[in-house]
Amino acid sequence: MLFSRELIDEKLRRSIENSKDYIGLGELASYIPELMKVDKDNLSLSLISTTGEVFTYGDKDITFSLQSISKLLTLIIALTDTNPTDLYQKVGSEPTRYEFNSLIPIGDKPANPFINAGAITTASMVLGLNNDHKFERILDFYRGISDFAEAYMDHDIYMSELKTADRNKAIAYYLKSKGIIDQDPGEVLDLYIRACSICTNIEGLAMMGAVLANKGIGIRTREMLIPENIVQIVVSQMASCGMYENSGSYLMNVGIPSKSGVSGGIVGVVPGICGLAVYSPRLDRTGNSVRGKELFKIISQDLGLNIFV
Ligand code: GLN
């Protein structure tokens, strides 16, 4: 990075301070009741450079579920298990102005892999002997790319979502009726919800961003973890579709390909430079972390991370 360690530290601390006005704004995702059990004003932030420098603030031990951030994992694994041409026959690559759990942007195929319909479809392409095996592959993959950060499936969050998953069930059955998925919709949805219930800490998430920023090469090990052509697809899809129907204005204001989840996490990728992750659970109307978005905007400006300028 272009700045000294001290200067980056100073800028990140100041950004956190400057985002304080956003404390108290936004609501928790109530449609998964278990997600209401957190401290609303939790905050953690981590930036990891492709050269391995780590900057972490707030409660670094706090864990939270990936929710929609897990859509990155299913997309990467599905791309590895099939190939981009076959995968994009079943899922589109275009942003949508509809909310993430809408049935409208399904059409011939789900608009993109980051709306629920798209991620349920990519979950159907993850190979394995059964759901336990498929889920182990997703969790193991996350462990590898997070450099073995804490990661586990939270059973209470999983059960809580399963019980209230009427919309996602409708989506899964609709996908089956259209021949977009051919397995049992309940099984596919179960895998999708398990992946959403993977919990991790902020450094794990920032490390995932750093690996994507580093062309898929492990930061410490220098091992190839994700093929470069898949990194290119995933990061560009983050840019165009990663923040739901807010993706266009977010990209214009922040300029960092990012993916969010309704637990309040956001992971960003600045190619060649760093991964950045924020956790702050209060959400706006589109399901994105209010303070998280603001922090991404300030940090992008302060550290010159906008990929377009
Ligand atoms: N598990 C959540 C759902 O399917 C994930 C959505 C999200 O994070 N936007 O509704």
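Residues numbered from 1 in each chain as written. Predicted model: local features only at pLDDT ≥ 70, side-chain atom pairs only at ≥ 80, totals over all residues. Heavy atoms only, no water.

J.: Looking at this structure, I do not really get the overall build of the protein chain. What am I missing?
T.: Of regular secondary structure, the protein chain possesses twelve helices and eight strands. At 18 Å, the protein chain has a C-alpha radius of gyration in line with the 19 Å of a compact globule built from 309 residues. In terms of principal-axis extent, the alpha carbons of the protein chain reach across some 55 × 40 × 35 Å. For the protein chain, buried positions account for 58% of its 309 residues. Across the protein chain, the fraction of contacts at a sequence separation of at least 24, relative to all contacts at a separation of at least 6, is 69%. Per element, the accessible surface of the protein chain, about 12500 Å² overall, is 51% carbon and sulfur. Side-chain charges of the protein chain comprise 30 positive and 37 negative groups, with the mean position of each set lying 3 Å from the other. (Helix = DSSP H or I, 4+ residues; strand = E, 2+ residues; numbered from the N terminus. Rg over C-alpha atoms; globule rule 2.2 N^0.38 Å. Buried < 20%, exposed > 50% of the residue type's maximum accessible area, 1.4 Å probe, protein only. Contact = heavy atoms within 4.5 Å. Areas by Shrake-Rupley, 256 points an atom, 1.4 Å probe, with all protein chains shown as cover. Lys, Arg positive; Asp, Glu negative; His and termini not counted. Charge placed at Lys NZ, Arg CZ, Asp CG, Glu CD.)

J.: Sorry, what's going on with empty space enclosed by the protein here?
T.: Empty space among the atoms can be located by rolling a probe the size of a water molecule over them. Summed over the entire model, instances satisfying the criterion amount to two cavities of 30 Å³ or more. If you add up the space inside the largest cavity, you get close to 50 Å³. Lining the largest cavity we find Tyr 22, Ile 23, Gly 24, Leu 25, Lys 40, Asp 41, Asn 42, Leu 43, Ser 280, Arg 282 and Arg 291. Residues belonging to the lining of the largest cavity are distributed by class as follows: four nonpolar, three polar and four charged. Approximately 30 Å³ is the volume attributed to the second largest cavity. Forming the boundary of the second largest cavity are Pro 95, Thr 96, Tyr 98, Glu 99, Phe 100, Asn 112, Ile 115, Cys 241, Tyr 244, Glu 245 and Ser 247. Classifying every residue of the lining of the second largest cavity by side-chain character gives six nonpolar, three polar and two charged. (1 Å grid on protein atoms, 1.4 Å probe; cavity = no way out; pocket = protein on both sides within 12 Å on 5 of 7 lines; lining within 4 Å. Points joined across faces, edges and corners; volume = space filled by probe spheres on them. Nonpolar A, V, L, I, M, F, W, Y, C, P; charged D, E, K, R; others polar.)

J.: Before we go on, may I ask you to explain the nonpolar core in this structure?
T.: Nonpolar side chains tend toward joint burial in soluble globular proteins. Ranked by size, the top nonpolar core spans 69 residues in total, and within it Leu 73, Met 208, Leu 212, Ile 226 and Val 234 carry the most contacts. At nine residues, the largest contribution of residues to this core is made by helix α9 (residues 202–213). Residues in contact with Leu 73, not counting those within four places in the same chain, are Leu 66, Ile 138, Phe 141, Tyr 142, Ile 145, Ile 198 and Met 208. Counting residues in hydrophobic clusters, the runner-up holds 22 residues, among them Leu 45, Ile 266, Ile 299 and Leu 303. (Core = buried A, V, L, I, M, F, W, Y, C linked by side-chain atoms within 4.5 Å.)

J.: Honestly, the pattern of salt bridges in this entry has me stumped. Any pointers?
T.: Side chains carrying opposite charge are able to pair once their charged atoms draw close together. By the definition in use, this model includes 14 salt bridges. In this structure, Asp 147 engages Arg 220 in a salt bridge whose closest nitrogen and oxygen atoms are separated by 2.7 Å. Taken as a pair, Asp 147 in the loop between α5 (131–145) and β4 (151–153) and Arg 220 in the loop between α9 and α10 (228–241) lie far apart in primary sequence, 73 residues in all. For Asp 147, a relative accessible area of 24% gives the class partly exposed. Put simply, Lys 293 and Asp 284 hold a salt bridge, and the shortest N to O gap is 2.8 Å. Through salt bridges that share partners, Glu 10, Arg 14 and Asp 302 make up one connected network. (Salt bridge = Lys/Arg side-chain N within 4 Å of Asp/Glu carboxyl O.)

J.: Looking at this structure, how should I read the state of the cysteines?
T.: Note on terminology: a disulfide is the covalent bond linking the sulfur atoms of two cysteines. Counted according to the given criterion, the structure contains zero disulfides. The structure places no disulfide on Cys 196, whose sulfur is separated from the nearest cysteine sulfur, that of Cys 199, by 11 Å. Here Cys 196 falls in the buried class, since its relative accessible area comes to 1%. Of the cysteine sulfurs around Cys 241, a residue in no disulfide, the closest is that of Cys 196, at 17 Å. What makes Cys 241 buried here is its relative accessible area of 3%. (Disulfide = S-S within 2.5 Å.)

J.: Would you explain the site of the ligand in this entry?
T.: In the region of the ligand, the neighbouring residues are Tyr 31, Gln 67, Ser 68, Phe 100, Asn 116, Glu 161, Asn 168, Tyr 192, Cys 196, Tyr 244, Gly 261 and Val 262. Between the ligand and Tyr 192 there is a distance of 2.6 Å, counted from an oxygen atom to a side-chain nitrogen or oxygen. Separating an oxygen atom of the ligand from a backbone N or O atom of Val 262 is a distance of 2.8 Å. Among the residues forming the shell around the ligand, the class breakdown is six nonpolar, five polar and one charged. (Near = heavy atom within 4 Å. Polar contact = N/O pair within 3.5 Å; in protein donor to acceptor, adjacent residues only side chain to side chain.)

J.: What exactly am I supposed to notice about unusual backbone geometry here?
T.: It is generally the case that most residues other than glycine have a negative phi and that most peptide bonds are trans. With phi around 50°, Gln 67 is a residue other than glycine that occupies positive phi space. Following the sequence through the fold, Gln 67 ends up in the loop between β3 (64–65) and α2 (70–81). Gln 67 sits in the buried class, given a relative accessible area of 2%. For Lys 215, which is not a glycine, the phi torsion comes out positive at approximately 55°. Looking at where Lys 215 falls in the secondary structure, it is placed in the loop between α9 and α10.

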